[in-house]
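What the coordinates show
Here is what each chain is made of, one letter per residue.
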Amino acid sequence: MARYIANRLLLSLPLLLFISFITFVLINLSPLDPAEAVLQAQGVPAITDELIAQTRAQLGMDQPFMKRYLNWLAASVQLNFGNSYVTGTPVWTLLGPAFLNTLKLTFVSVIAIIVLSIMLGVVCALREGKWIDKSVRGVSFFLTSVPSYGLAALMIWYFSVKLDLLPTSGMDSYQHYILPVSVIVISYSGIYFRIVRSSMVSQREEDYVLYARACGLTEKKITMHILRNSLQVAVSVFCMAIPIILGSTVVVENIFAWPGLGTLSVKSILSRDFPMIQAYVLVLAVAFVLFNTVSDIINAAMNPKLRKDY
């Protein structure tokens, strides 16, 4: 198992290097000169060519492309993404707390999604074709198709404005988590519970279920075996739910004024804060790669056949 983990981590390194290079290239393809963006962010009234050239020299942008990329990569490994063009403070001092805030929201949401998806998936699989199965799937299709901003607006109007039960912004107490987490859970549970359901339905047709019944095992024990084998299929999906939700909380965070990556990224894009945007894209890309590696490791731990070639 240790050899498998080491190989998977080594295989991730070239992908991370490729992602970092693409991120650096895309930011540098922007039609706006970063030096000009810095001067605009600083509120310089008259931007001249001489001032732009001086700023480019200060930022090291007059150096060759590959040298700038390697310098940025070496600094990024140490979580040094440069200074914000808008505030002048180090990027990580702003990105780090925002990342932790989004991570809190993401983990609470993912835990709720996993619990709800497993419960609904098991119930619908055991009642396949019955009214409860059709009702749950119908409601989930409808709720999944509702835009998150529309769902968030409805929940704010009902629970915060009409009933005056829950706060609409901030993250000071557990009550502040209820509305944003609910929006995320409703938006994603309909997708993930269907994965659990379809996996359980397909597992019920496997030979081991027939043999288990022939051996006299109770339906409860058979259901537990089916659920365990179904979760082996779904575990990678649940692992990838973390980076997916981590990168898709932009709308929810901005509606509920959650001080996370989504809110910070929108502000950075509107102000053309290139170092912040660059760091945001890189952090999310690294999260996708790492959680994909973790899902492979968990699958290999649950199924030794997957690591036989290592």
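Scanning the chain for helices and strands turns up 13 helices and zero strands. Overall, the chain shows an N-to-C arrangement of helices and strands of α-α-α-α-α-α-α-α-α-α-α-α-α. By its C-alpha atoms, the chain is 85 × 60 × 30 Å across when sized along the principal axes. Scored against the burial criterion, the 310 residues of the chain give a buried share of 40%.

All right, on to the pattern of salt bridges then. The final tally for this structure, using the stated rule, is three salt bridges. Aspartate 133 is the salt-bridge partner of arginine 197, the closest N and O atoms lying 3.0 Å from each other. Of this pair, arginine 197 sits in helix α8 (residues 175-203) while aspartate 133 sits in helix α6 (residues 131-145), and the two are 64 residues apart along the sequence. Aspartate 133 carries the same exposure label as arginine 197, and that label is buried.

Moving on: the side chain of serine 117. In this structure, serine 117 sits in helix α5 (residues 91-126). Among the polar contacts listed, one links the side chain of serine 117 to the backbone oxygen of isoleucine 113, at a separation of 2.6 Å. With residues near it in sequence (within four places) discarded, serine 117 still touches Ser189, Tyr192, Phe193, Val196 and Phe238.

Right, let's get into the packing of aromatic side chains. Summed over all chains, the structure comprises ten aromatic pairs. With 5.4 Å between their ring centres and 55° between their planes, phenylalanine 24 and phenylalanine 65 make a pair best called tilted. Residue phenylalanine 24 is found in helix α1 (residues 2-28), and its partner phenylalanine 65 is found in helix α4 (residues 65-77); the two are separated by 41 residues along the sequence. Ring geometry for phenylalanine 81 and tryptophan 92: centres 6.0 Å apart, planes at 40°, overall tilted. With phenylalanine 81 in the loop between α4 and α5 and tryptophan 92 in helix α5, the pair connects residues that are eleven residues apart, well separated along the chain. Overall, tryptophan 92 belongs to the partly exposed group, its relative accessible area being 29%. Among the aromatic residues, those joined into a cluster by ring pairs are Phe21, Phe24, Phe65, Tyr69 and Trp72.

Procedures and definitions
Going along each chain's sequence as written, the residues are numbered from 1 onward. Residue-level local features of this predicted model are given only where pLDDT is at least 70; pairs of side-chain atoms are given and counted only at 80 or more, and the full residue set underlies all totals for whole chains, interfaces and linings. Side-chain measures here rest on the full set of heavy atoms in the structure, leaving out hydrogens and waters. Strands are runs of DSSP state E lasting at least two residues, helices are runs of H or I lasting at least four, and both sets are numbered from the N terminus onward. Burial classification: accessible surface area is computed with a 1.4 Å probe over protein chains only, and a residue below 20% of its type maximum counts as buried, one above 50% as exposed, and the rest as partly exposed. In the sections that follow, a salt bridge refers to a side-chain nitrogen of Lys or Arg positioned within 4 Å of a carboxyl oxygen of Asp or Glu. Throughout this description, a polar contact denotes any pair of N or O atoms lying within 3.5 Å of each other; where both atoms belong to protein, one of them has to be capable of donating a hydrogen while the other can accept it, and for residues adjacent in sequence the pair is counted only when both atoms sit in side chains. Here a residue-residue contact requires only that any non-hydrogen atoms of the pair lie within 4.5 Å. Between 30 and 60 degrees the pair is tilted, below 30 it is stacked and above 60 it is edge-to-face, where a pair is any two Phe, Tyr or Trp rings, Trp via its six-membered ring, whose centres lie within 6.5 Å.

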